[in-house]
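# Coordinate analysis (summary)
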Amino acid sequence: MGILYKSTRNDSIRMSASEAILQGLSKDGGLFVPTEIPALDVDIEALAGMNYKDIAYLVMSKFFTDYTEEELTDCINKAYDSKFDTEEIAPVVKAGNAFYMELYHGATIAFKDMALSILPHLLTTAARKNGITDEIVILTATSGDTGKAALSGFADVPGTKIVVYYPAEGVSNIQRLQMVTQRGDNTCVIGVEGNFDDCQGAVKRMFNDPTLTGKMKDAHMRFSSANSINIGRLVPQVAYYVWAYSRLVKSGEIKAGDAINFVVPTGNFGNILAGFYAKKMGLPVNKLICASNDNKVLYDFFKTGTYDKNREFILTTSPSMDILVSSNLERLIYYVSGEDSAKTALLMSELSSKGSYTVDEAMKDGLGDFVPGWADEAENTATIKKVYEENNYIIDTHTGVAACVYDKYVAKTGDVTPSVIVSTASPFKFLKAVLEAVRPHNLQYMSEHDMIYALDEEMGKGKIPNAIKEILAYPIRHRTVCGIDKMEEKLKSFLGIE
Ligand SMILES: *Cc1c(COP(=O)(O)O)cnc(C)c1O
């Protein structure tokens, strides 16, 4: 029996995986969830003999049951190839009392590559399977990381175009350079004189504008989205939890069947939710430790049962976790409500009308797989420094939050379960904050270029990732910057529609 997908807000909606991937978000505003979470159903010992692609296939074939073996294998082969700078794809490294799973060896040196390398292929395959011949136009607003990961995933993928809007003054210099040097004739990058919310708001409007979508249709094009609530991004992430487990078995750190913890630096709740799915599939997971920065809306939720986004938005050195509405949490809410779509819809409508909701005691009791923690800026810096000094291992600012939360968890509970810290970005991506943490540098006198080499020196030389070398070497190709009112015009001119 194949697995179908239903909305978290409406139980009567049913569609295939490929249809759900094409649609992204359910029409009722809900998120797609599988009708059942398939069992991993594999001899755990055997996992140790598999490579990353084998495990990706094992996991994805159980969820995406309407894709043929050939289709899925093809998607996986196109995704996890030499775009990654290590054959292992996601190395698991021991440092101190924890293991770090490095999810930053892809094209943009952050974990979103794990899913965005494969999503374009899942999407174009889905279009083909469903008889859609229109060109797929991906519209994305980004606060930095997603934009570049989507651009490099979709660049030169036949049958697609991708347009990314970013706040011209709201991303780091490295993030901007990564985007504006993007190659591929099907890519378009536009700086917007506004903030991330302005970009996102305009993208949502364009998506739902019947005049615009009508013109697109006439030109045989249709919009699609690559954002993190797409089930085609969530499922590929489940694979690396199984992978991490398999590496610990392989290296003899654990015996097949032993439980392990995962510590996840969390923003939109997509990464850690994939860990929850892995656990539900039967992977021996003890605790999922949810690490937040100063924007600790999730910490407060797990502690109190009340989710409240009405609070100050704090800018931190771990910007990809600066989020007050964690969209993927809706899927967890759905599960802990006992798959009650009416209850989920009600709580989500409270979130949009009041900015907060409270779950009942039974639901709160269902959250026991998760342990929340948070770290402030000073604690994060101190942790990066400590990990470096004790283990000669440099972690980025997002991973620093997770490492700090893990230390606090161990100090408080004495839990000695082997633990994997999910490492979400290369330290080269957050140069300034990382350099500042590892040792005092005269950063005010240093160019970006100087900082790259200084960090490489700290790491023992020869460690500069390709993604960084490229931005130093490649010419700027995308120079468009426009006002919010000109965003649609720029899109139409790129697509050649009037
Ligand atoms: C996106 C991101 C996160 C947060 O992941 P979520 O799935 O949104 O919880 C953490 N670290 C980095 C570097 C990221 O890019």
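A brief look at the structure comes next. (Residues numbered from 1 in each chain as written. Predicted model: local features only at pLDDT ≥ 70, side-chain atom pairs only at ≥ 80, totals over all residues. Heavy atoms only, no water.)

Around the ligand lies a shell of 14 residues, among which K112, G267, N268, N271 and T424 are the nearest. In this structure, an oxygen atom belonging to the ligand sits 2.6 Å away from a side-chain N or O atom of K112. The backbone of N271 places a nitrogen or oxygen atom 2.9 Å from an oxygen atom of the ligand. For the ligand, whose free accessible area comes to 380 Å², the fraction covered by protein is 97%. Looking at the shell around the ligand, its residues break down into four nonpolar, eight polar and two charged. (Near = heavy atom within 4 Å. Polar contact = N/O pair within 3.5 Å; in protein donor to acceptor, adjacent residues only side chain to side chain. Areas by Shrake-Rupley, 256 points an atom, 1.4 Å probe, with all protein chains shown as cover. Nonpolar A, V, L, I, M, F, W, Y, C, P; charged D, E, K, R; others polar.)

Moving on: the side chain of S419. Take S419: it is sitting in strand β15 (residues 419-423). Among the polar contacts made by the side chain of S419, one reaches the side chain of N261 at a distance of 3.2 Å. A polar atom in the side chain of S419 sits 2.9 Å from the backbone oxygen of T417. Residues contacting S419, with those up to four places away along its chain left out, are A98, F99, N261 and Y406. (Helix = DSSP H or I, 4+ residues; strand = E, 2+ residues; numbered from the N terminus. Contact = heavy atoms within 4.5 Å.)

Strand β6 (residues 135-141) sits mainly inside the fold: six of its seven residues count as buried. Note: β6 against strand β9 (residues 221-224), four bridges, orientation parallel. Pairing of E135 across the sheet is with M221, part of β9. Looking at chain direction, β6 and strand β7 (residues 160-167) are connected through six bridges and run parallel. Across the sheet, the residue bridging to V137 is K161, located in β7. Crossover β6 to β7 through helix α7 (residues 145-154) is right-handed. (Buried < 20%, exposed > 50% of the residue type's maximum accessible area, 1.4 Å probe, protein only. Pairing = 2+ DSSP bridges. Right-handed = clockwise from strand over helix to strand, strands pointing away.)

The subject of this paragraph is the environment of E379. As for its placement among the helices and strands, E379 is situated in helix α17 (residues 377-391). Residue E379 is classed as partly exposed on the basis of its relative accessible area of 28%. With 31 residues separating them along the chain, E379 and M348 place their C-alpha atoms 33 Å apart. Not counting chain neighbours up to four residues away, the residues in contact with E379 comprise W374, C404 and K408.

Here we come to the pairing of strand β14 (residues 370-374). The buried fraction of β14 amounts to four of the five residues, a majority that puts the element mostly inside the structure. The pairing of strand β11 (residues 285-292) with β14 spans five bridges and is parallel. Across the sheet, the residue bridging to I289 is V371, located in β14.

This brings us to the sheet that holds β11. The mixed open sheet is built from six strands, whose spatial order is β4-β5-β15-β10-β11-β14. If you trace the sheet from one side to the other, it starts and ends with β4 (92-95) and β14, each paired once. Adjacent strand axes in the sheet meet at a mean angle of 25°, parallel and antiparallel pairs treated alike. Summarising the sheet, strand β5 (residues 98-102) and β15 pair through four bridges and their orientation is parallel. The partner of F99 across the bridge, within β15, is V420. In the packing of helix α13 (residues 297-304) onto the sheet, contacts are made with β11 and β14, and the angle to β14 comes to roughly 135°. (Axes fitted to C-alpha atoms, helices over the stretch in contact; angles between N-to-C directions.)

Right, let's get into the state of the cysteines. All told, the structure shown has zero disulfides when counted by the stated rule. C290 carries a free sulfur, and the closest cysteine sulfur to it, the one in C404, is 14 Å from it. The class for C290 is buried, based on a relative accessible area of 1%. (Disulfide = S-S within 2.5 Å.)

Now for the packing of helix α8 (residues 173-180) against helix α21 (residues 466-473). Angle between the axes and distance between the axes are the two parameters that describe a pair of packed helices. Orientation of α8 relative to α21, taken along the N-to-C sense of each, is 75°, at an axis distance of 9 Å. The pairing of α8 with α21 is recorded here as roughly perpendicular in orientation. Here I174, L177 and Q178 of α8 come into contact with α21, specifically with A467, I468 and I471. (Parallel < 35°, antiparallel > 145°, perpendicular 65-115°, else oblique.)

Packing of α7 against α8 brings their axes to within 9 Å, and their N-to-C directions diverge by 25°. Classified by the interaxial angle, the pair formed by α7 and α8 is roughly parallel. Considering only the axes of α7 and α8, their crossing is left-handed. Touching D145, G147, K148 and L151 of α7 are Q175, Q178 and M179, all from α8. (Left-handed = near helix turned anticlockwise from the far one by under 90°.)

Turning our attention to helix α14 (residues 329-336). Counting buried residues in α14 gives eight out of eight residues, a clear majority hidden from the surface. Those residues of α14 that fall on the buried side of the exposure criterion are L329, E330, R331, L332, I333, Y334, Y335 and V336. Taken from the residues just after α14, G338 is the one with a positive phi, measuring 75°.

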